[in-house]
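A look at the structure
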Amino acid sequence: MKKLLTLLMVLSLWSAVASAQTPAWNEIKGELKTALETKGDPVRGAAAFEPCQGCHRQDASGRVSGAYPRLSGQHATVLMKQMADIRSGRRSNPKMEPFIGDHILTPYEIADIAVYLQGLPISKENGKGPGTCGVTGKLLYDKDCANCHGGVGEGSAEKFYPMVAAQHYRYLLREVQFIRDGDRRNANPDMIKVIKPYSTCDMETVADYMSQFPPPQK
Amino acid sequence: MIHRDKNHKTTSGRRALGIAAALVLGWTFAAPSAAQDAKTIAATVCVACHGENGNSAIPMFPKIAGLQEGYIVKQLRDFQSGRRKSDIMAPVVAALKPEDFASLATFYSGQKLNPGEDADKKAAGFGKMIFFEGNEETGVPACVGCHQPQGAGHLVYPRIGGQHAQYVTQQLKNFASSDRSNDVNRFMRVLAKRMSDEEIESVAAYLVGLDSK
């Protein structure tokens with residue numbers, strides 16, 4: 001974890017320098033920094049995750065409806081960043097916000113939960129798209145998404161790019177739209193630029209394609 | 001000071017009663033242990049509302065058999081400090097010694113909660129869905145997440161399977177209005193506020209018949 005952290009810090013510093021005026025979307029500071037520096041304990045994480053199970057389910061498989069994402073197997077770094085961003089208000093989530101405030105979880109528990117979730121098997125079937133994306137989905141994904149989210153949707157722990165494989169279709173679709181429309185404020189500005197011209201049909205197609213990826217081998 | 005004296009008097013009176021009862025029943029006389037104290041208090045004080053071994057027969061009073069030890073102690077402390085408000089429980093708990101809380105909790109958590117029969121099958125059916133799925137539209141988490149598939153509870157989350165519908169309904173409404181505010185991390189207040197009356201009454205109807213073992 002130490003090596004990873006050093007790499008993360010260097011990357012973060014680099015991107016902070018690159019865009020000196022606005023804080024980088026992936027800047028490592030505050031709670032995220034504390035969580036990344038913590039050696040998360042999956043046993044404590046399992047206990048701290050318990051109140052989250054009412055929505056994300058006991059096995060963290062989320063909901064096929066897309067109302068709540070699958071969290072099992074997701075990169076711990078990604079989970080820490082999203083939790084920290086929701087707590088700080090950078091990512092708006094009114095449904096979840098009252099259940100994750102800093103009177104509930106410490107930044108250390110954020111690390112515990114993230115490590116616990118990362119280690120869970122991705123067992124349950126995810127909600128898939130209609131499967132009608134044909135070649136267009138692959139074309140769009142390979143051109144616009146694969147560079148960051150990986151050829152098979154595996155994402156990148158080092159760069160905070162989420163694994164999109166085996167995620168629920170409706171959740172993917174909702175978030176892509178939030179990001180395109182600027183409603184997900186903690187998004188990578190590069191991604192907003194890339195998908196700005198996407199039509200509803202493009203979003204459905206690419207979300208459909210991503211939802212068909214099987215869980216990546218670890 | 002007066003308050004404390006009164007407590008003391010009540011306690012010693014009850015203790016004398018307990019010892020007398022023990023003698024009548026032919027128990028070996030010894031300094032009464034905490035566990036015996038708890039049994040005596042249960043049989044003389046709590047029984048009137050909470051029933052034999054904590055299986056209340058009166059729908060407005062909760063069954064307390066099989067509740068988690070820590071949960072019982074917390075509720076008694078909260079009644080005592082006024083964090084949980086109840087005109088009925090406040091004077092009862094004021095007459096108890098805080099030392100009795102732990103042994104009462106051990107006694108009641110060791111009893112078996114007997115479920116009832118769901119009176120309203122239709123409501124129970126909808127309630128079952130809320131219990132396992134919550135409401136995604138309004139962000140009501142599923143009860144099962146914390147209270148477990150049989151409603152047996154876990155850690156700080158109390159057993160709710162088999163509880164009286166009237167009591168559950170009242171508590172959820174109290175959480176929603178913040179009349180009850182002693183929940184951990186405000187979870188129950190937040191989620192009860194998101195529930196409709198129909199959801200509250202239905203989930204309560206489902207819990208009645210849920211055998212949490």
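First, a word on scope: everything that follows refers to the structure included in this document. Given the structure is predicted, the values throughout are model-derived calculations rather than measurements. Counting from 1, residues in each chain are numbered in the order their sequence is written. Each chain gets a letter, beginning with A, and each ligand a number, beginning with 1, in the order they are written. Local features are withheld for residues below a pLDDT of 70 in this predicted model, meaning they are given only at 70 or higher, and side-chain atom pairs are given and counted only at 80 or more; totals for whole chains, interfaces and linings count all residues.

**Re the overall build of chain B**
Going by this rule: A run of DSSP states H or I qualifies as a helix once it reaches four residues; a run of E qualifies as a strand once it reaches two. Both are numbered from the N-terminal end. Here the C-beta atoms are placed from the backbone, and a residue counts as buried if at least 20 other C-beta atoms lie within 10 Å of its own, exposed if 12 or fewer do, and partly exposed otherwise. Two residues qualify as a contact pair if the distance between their C-beta atoms, derived from the backbone, is within 7 Å.
On a plain count of helices and strands, chain B comes out with 10 helices and 0 strands. Each helix (α) and strand (β) of chain B, taken in turn from the N terminus, gives the series α-α-α-α-α-α-α-α-α-α. Residues classed as buried in chain B amount to 37% of the 213 residues present. A separation threshold of at least 6 residues defines the contact pool for chain B, and within that pool the share at least 24 residues apart is 69%.

**Focus on the environment of Arg87(A)**
Residues and elements named next belong to chain A. With respect to the helices and strands, Arg-87 occurs in helix α5 (residues 76-88). Note on Arg-87: 22 C-beta atoms within 10 Å, which makes it buried. Sequence separation between Arg-87 and Phe-99 is 12 residues, and the spatial gap between their C-alpha atoms is 9.7 Å. If sequence neighbours within four positions are ignored, Arg-87 has contacts with Glu-31, Ile-100, Gly-101 and Asp-102.

**Some points on the nonpolar core**
The line we're drawing: One nonpolar core equals one set of buried Ala, Val, Leu, Ile, Met, Phe, Trp, Tyr and Cys residues connected by C-beta atoms within 7 Å.
Counting residues in hydrophobic clusters, the biggest one holds 28 residues, and the most contacted among them are Ala35(A), Leu79(A), Met80(A), Ile110(A), Ile113(A), Ala114(A) and Leu117(A). Sort the elements by how many residues they give to this core and helix α6 (residues 107-118) of chain A lands first, with 7 residues. Sequence-distant contacts of Ile110(A), that is, excluding residues within four places in its chain, are made with Glu31(A), Ala35(A), Met80(A), Met83(A), Ala84(A) and Leu105(A). Residues Phe131(B), Met188(B), Ala204(B) and Leu210(B) belong to the second largest nonpolar core, which totals 24 residues.

**Structural notes on the interface of chain A and chain B**
The condition is simple: Amino acid classes used here: Ala, Val, Leu, Ile, Met, Phe, Trp, Tyr, Cys and Pro are nonpolar; Asp, Glu, Lys and Arg are charged; the rest, including Gly, are polar.
Residue-level contacts link 13 residues of chain A with 11 residues of chain B. Residue composition of the side of chain A that touches chain B, by class: 6 nonpolar, 4 polar and 3 charged.

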